[in-house]
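# Examining the three-dimensional arrangement
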Amino acid sequence: MGCIKGSWRLDIGLMVLYQMTLFFSVQMLFVIFLEFMPKTYCTDDDYCYKMKNKCLTDFDRTPDSAICPYNSSNFNECVQDAKRVDFRSAQFDYQQDCTGLKHFSSSTATFIGTLLGNLVLGYLSDTIGRRPVYIFSICLGVPAVILSAAINGVMNFYIFRFIVGFAVAGTLTVGWTYASEMITPSRRFRLRTFPNWANARMMQVGVSWLAGEWRLASYLCATLSATVLPMIWYLPESPKKFERAERSREKIAEICQLEYEPKPREEMADLKKITPMMLLRSPVLRSNFLVLCWMWFYVGMSVYITDLNSGDMAKNFYVGQFLCGFVLTISKITIGIIEPKIPWLGRRFIFIASQLIALCAYVTILTALWSKNKESWWYTVSYIFAYAAQSLCLETCYLSLAELMPTDVRSIAGALMNILMKIGTILASTTKPIKFWYEPMLFMINTVLCTAGLLVVWKYLPESKNMNMQLVGQDEISESNDEESSTKKTSSEVPSDDSNSQMTSVQESSEKSEAITEKSEK
């Protein structure tokens, strides 16, 4: 990056850092690969059968049930095709779902770890800082990914996958917060658009395709994820106090190759202090809070019901997984580009439109399952659109949380929303046995959940596009509460919003200097 000068030098590095952080965080979806099983399999004497569930030994050996009759003319070709395993998974090796762990899968262990990590690491990031938690999460998670594959045994596998989930909670909690606080404000939109979850998913599909089996794929994923560590080690802390802000700005100036100019202490405007109890007493804020709680829970559950059962959505396992990520990233980039230019394209519209598309896709999936057309191309297309549209709803959840919750309680509300979403994902992981009992039931659950969610959002979710995040809730708090609880925020304990402005002043001055340079060159 030696040829890149000014604030772009830092911002591009932050985008790369955030994308690789998401690549590690997408270990939450690696459970799809860890639990993948082929549709057909053959015994050592070439008796081939269609899998009833995830157990290799669960079949009835009768001549009529053989998918490759011994007297057929293409017997050898049929056996070769039936024996093909697109990805050798942990489930294929351990067969843990065929034991007493049938209702406690590796995905459940991972999501429980993530839930616990949200409770612990979210609090620590606000207490001791983003950077220490960031470094701890990577240093804990990368070895856990390696050890989950290197040490044999189902219990060891489950323990290390739980630790991976715990570490992922740290990167998910801190990654976006840290990068958004450090990047130049005018480029924060690019940080949300170009480095994204869908890109990380496609990267993971590519790594898994190259590896072909779960142990090697785990080692490769861990190696690539470890590249986050030197990047975050080099960057400064995202500060809250003035002294830390000064040190961070000095470090940012060094990275951007600019001259450091100390900034004097400034006093913040006198805003009302909003506590969690005030939020619950205010009818407007309470309504927004409850709607967001429901959105995060049901969207998290429906997304993961769709995603965790997507292993056989296409004839080729890798193509189906790649297309899910590809369609989602194209959708996010397209919406990200046109959204600022279209005033009426707000959070409500995007959520409602995405949810309607997902509901239509669920109905089409149910039609395909009931009519025995699961192998059809339109089933695959419907599944991809269901996943992409439901994931866009999740993106709106993040934006609505930031724009509808007051600054003083935003981190607390965000932690609670993440906990509710993780509860939804844990419930989603327990529905996987339904796939082999009565698969349409999965999408009937999603249809009911999403219909109820759509009605609630339609009636109660306010539009929050272009809202001033510092002033959220100020008009809803009564004057009596203001007199009792408002405090003047001084520079001895600068709030995070002020810290952001202090840290990014170097980037903004860099932009101005770049503009002056361009004019002089012209």
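Refer to the preceding data block for the structure.
Below: a short report on this structure. (Residues numbered from 1 in each chain as written. Predicted model: local features only at pLDDT ≥ 70, side-chain atom pairs only at ≥ 80, totals over all residues. Heavy atoms only, no water.)

## Thoughts on the packing of aromatic side chains
Operational definition: Pairs were defined over the aromatic rings of Phe, Tyr and Trp, the Trp ring being its six-membered one, requiring ring centres within 6.5 Å. Orientation was assigned from the angle between planes: stacked under 30 degrees, edge-to-face over 60, tilted for the rest. The helix count covers DSSP runs of H or I at least four residues long, the strand count covers runs of E at least two residues long, and both are numbered beginning at the N terminus. Buried means the residue's accessible area, taken with a 1.4 Å probe over protein chains only, is under 20% of the maximum for its type, while exposed means over 50%, and partly exposed covers the values in between. Here, over-ring charges are defined by two tests on the NZ atom of lysine or the CZ atom of arginine: distance to the ring centre within 6 Å, and angle to the ring normal within 35 degrees.
This structure, assessed with the given rule, holds 21 aromatic pairs. Taken together, a centroid distance of 6.1 Å and an interplanar angle of 15° make the contact between Phe322 and Phe326 stacked. Residue Phe322 and its partner Phe326 are both found in helix α15 (residues 317-338); the two are separated by four residues, about one turn of the helix. Residue class for Phe322 comes out partly exposed when judged on its relative accessible area of 37%. In textbook terms, an aromatic cluster arises when at least three aromatic residues are bridged by ring pairs, as seen for Phe30, Phe33, Phe36, Phe87, Phe317 and Tyr318. Residue placement shows Arg131 over the ring face of Trp233; its charged tip is 6.0 Å from the ring centre. Lying over the aromatic face of Tyr387, Arg201 brings its terminal NZ or CZ to 4.5 Å of the ring centre.

## A look at helix α2 (residues 27-34)
The element α2 is extensively covered by neighbouring structure, given that eight of its eight residues are classed as buried. All of the buried residues along α2 are Gln27, Met28, Leu29, Phe30, Val31, Ile32, Phe33 and Leu34.

## A short note on the state of the cysteines
For the record, the criterion: In plain terms, two cysteine sulfur atoms within 2.5 Å form what is called a disulfide here.
Enumeration over the complete set of coordinates arrives at three disulfides. At a sulfur-sulfur separation of 2.0 Å, the disulfide partner of Cys55 is Cys98. The disulfide joining Cys55 to Cys98 has a torsion of about -120° about its S-S bond and is therefore left-handed. With Cys55 in the loop between β2 (48-50) and α3 (75-83) and Cys98 in the loop between α4 (90-94) and α5 (106-127), this pair connects stretches of sequence that are 43 residues apart. On the accessibility criterion, Cys55 (13% relative accessible area) is buried. Each sulfur of the disulfide joining Cys68 and Cys78 lies 1.9 Å from the other. Across the S-S bond linking Cys68 and Cys78, the dihedral sits near -80°, which makes this disulfide left-handed. Of this pair, Cys68 sits in the loop between β2 and α3 while Cys78 is found in helix α3, placing the two residues 10 residues apart along the sequence. In this structure Cys68 comes out as buried when scored by relative accessible area, which is 1%. Numbered in order of appearance, the disulfide-bonded cysteines of the chain are paired 1-2, 3-6, 4-5.

Read these as layout, nothing more, since geometry by itself doesn't imply function.
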